[in-house]
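Chains, contacts and geometry: an overview
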Amino acid sequence: GEGAHRTSIEWGDHSPDRRGHGGKATATFTSSASSFVAAGIAFKVKHHTEPNDSHFSLGGGFHHACVQIKPSLIRTFLLQNTYDGSVNIRQALAAAISGDKSSFYNCSFIGFQDTLFDRKGRHYFKDCYIEGVMDFIFGNGQSIYEGCTISLIRSAMKPGFMTAQGRGSPKDPGGFVFKSCNVTGFQETYLGRAWGAYSRVIFYRTFMSGIIIPQGWYAWNAIGHE
């Protein structure tokens, strides 16, 4: 690829409603392969099909299109779900990652709600750019984000929530670590809210601009476990 701003995978799918995470929204990019590394080839998917086109429809105007990757290498690219939340705020996943030992270098993940589904497995994100407004890094991966830029877009939905980590027990190894990252954007946000009773998110040596709400965290589904 020629860089994350010039090479992209794009799709405009979104969930038909706002209930919960991981619903029927089809991610632009899905990887369940182990030892996947984004460092070799550029992929681009772009559909101009109308919602009632039966070839791509699952019913009710809901589209199904994504790029599913087997073990391979992908060079620098942009993962973008072009749904902008203009109708209602709904899930619109740019990527869903569930393969163990997956790594991403100099990639961008652009979305609105639920941009990056860091579902499960050990993952490493280096020098990446991740954008959204609502739970836009979520899941229960055991992941390190190093040198990444996390950006809050301007939205009518306020405040924002950067993360929704889903660790469900004290013995669960899942958790997100943000090391030497840059948190910035255009509206106030919580660092995250607890999707699981034992959600775990760590920010280490990370710059945070003035958009962070002083409280920091929102208990959400884990009131009493603060």
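Shown above is the structure to which this text applies.
An account of the accompanying structure is given in this report. (Residues numbered from 1 in each chain as written. Predicted model: local features only at pLDDT ≥ 70, side-chain atom pairs only at ≥ 80, totals over all residues. Heavy atoms only, no water.)

A tally of helices and strands in the protein chain yields zero helices and 21 strands. Looking at the protein chain residue by residue over its 226 residues, the buried ones come to 50%. Contacts spanning at least 24 positions in sequence make up 67% of the contacts within the protein chain whose residues lie at least 6 apart. Carbon and sulfur atoms make up 50% of the accessible area of the protein chain, which totals about 10700 Å². (Helix = DSSP H or I, 4+ residues; strand = E, 2+ residues; numbered from the N terminus. Buried < 20%, exposed > 50% of the residue type's maximum accessible area, 1.4 Å probe, protein only. Contact = heavy atoms within 4.5 Å. Areas by Shrake-Rupley, 256 points an atom, 1.4 Å probe, with all protein chains shown as cover.)

It is worth spelling out the nonpolar core at this point. Counting 35 residues, the largest nonpolar core has Phe104, Phe109, Tyr145, Ile150, Met162 and Phe178 as the members making the most contacts within it. When residues of this core are traced back to their parent elements, those giving at least two are β6 (95-97), β12 (134-139), β14 (149-152), β15 (160-165), β16 (175-179), β18 (189-194) and β19 (201-204). Here this core gets three residues from one element, more than from any other, and that element is β12. When neighbours within four sequence positions are excluded, Phe178 is seen to be in contact with Ile137, Tyr145, Ile150, Thr163, Val201, Ile202, Phe203, Tyr204 and Thr206. Judged by nonpolar contacts, the second largest core, of six residues, contains Leu93, Ala96, Phe117 and Ala164. (Core = buried A, V, L, I, M, F, W, Y, C linked by side-chain atoms within 4.5 Å.)

Moving on to the pattern of salt bridges. For the structure shown, the criterion picks out three salt bridges. Notably, a salt bridge pairs Asp100 with Arg122, separated by 2.5 Å at the nearest N-O pair. Here Asp100 is found in the loop between β6 and β7 (102-105), whereas its partner Arg122 is found in strand β10 (residues 122-126), with 22 residues between them in sequence. Judged by its relative accessible area of 23%, Asp100 falls in the partly exposed class. A relative accessible area of 42% places Arg122 in the partly exposed class. Glu146 serves as the salt-bridge partner of Lys126, at 4.0 Å between the closest nitrogen and oxygen. Here Glu146 lies in strand β13 (residues 142-146) and Lys126 lies in strand β10, a separation of 20 residues in the sequence. (Salt bridge = Lys/Arg side-chain N within 4 Å of Asp/Glu carboxyl O.)

The next subject is the packing of aromatic side chains. Using the criterion set out here, one finds 17 aromatic pairs in the structure. Ring centres 5.9 Å apart and planes at 50 degrees place the aromatic pair Phe29 and Phe36 in the tilted group. For the residue pair Phe29 and Phe36, the accessibility class agrees, reading buried in each case. Plain terms: the ring middles of Phe161 and Tyr190 are 5.2 Å apart, the flat faces sit at 5 degrees to each other, and that makes the pair stacked. Pair noted here: Phe161 is in strand β15 and Tyr190 is in strand β18, with a separation of 29 residues, a long-range link. Given the relative accessible area of 8%, Phe161 is considered buried. In this structure Tyr190 comes out as buried when scored by relative accessible area, which is 12%. A cation sits over an aromatic face here: Arg193 above Phe161, 4.4 Å from the ring centre. (Phe/Tyr/Trp six-rings, centres within 6.5 Å; stacked < 30°, edge-to-face > 60°. Lys NZ or Arg CZ within 6 Å of the ring centre and 35° of its normal.)

Let us now look at the sheet that holds β13. With respect to topology, six strands assemble into an open sheet ordered β3-β7-β10-β13-β16-β19, the strand pairing being parallel. Here the strands that pair on one side only, and so sit at the sheet edges, are β3 (37-38) and β19. (Pairing = 2+ DSSP bridges.)

On to unusual backbone geometry. Of note, the bond from Lys158 into Pro159 is cis; its omega dihedral lies within 30 degrees of zero at 0 degrees. Inspection of the secondary structure puts Pro159 in the loop between β14 and β15. One non-glycine residue, Ser35, lies in the positive phi region at around 60 degrees. Position of Ser35 among the secondary structure elements: in the loop between β2 (29-31) and β3. For Ser35, a relative accessible area of 48% gives the class partly exposed. Positive phi is not limited to glycine here, since Asn106 has a value of about 55 degrees. The residue Asn106 is located in the loop between β7 and β8 (108-110) in this model.

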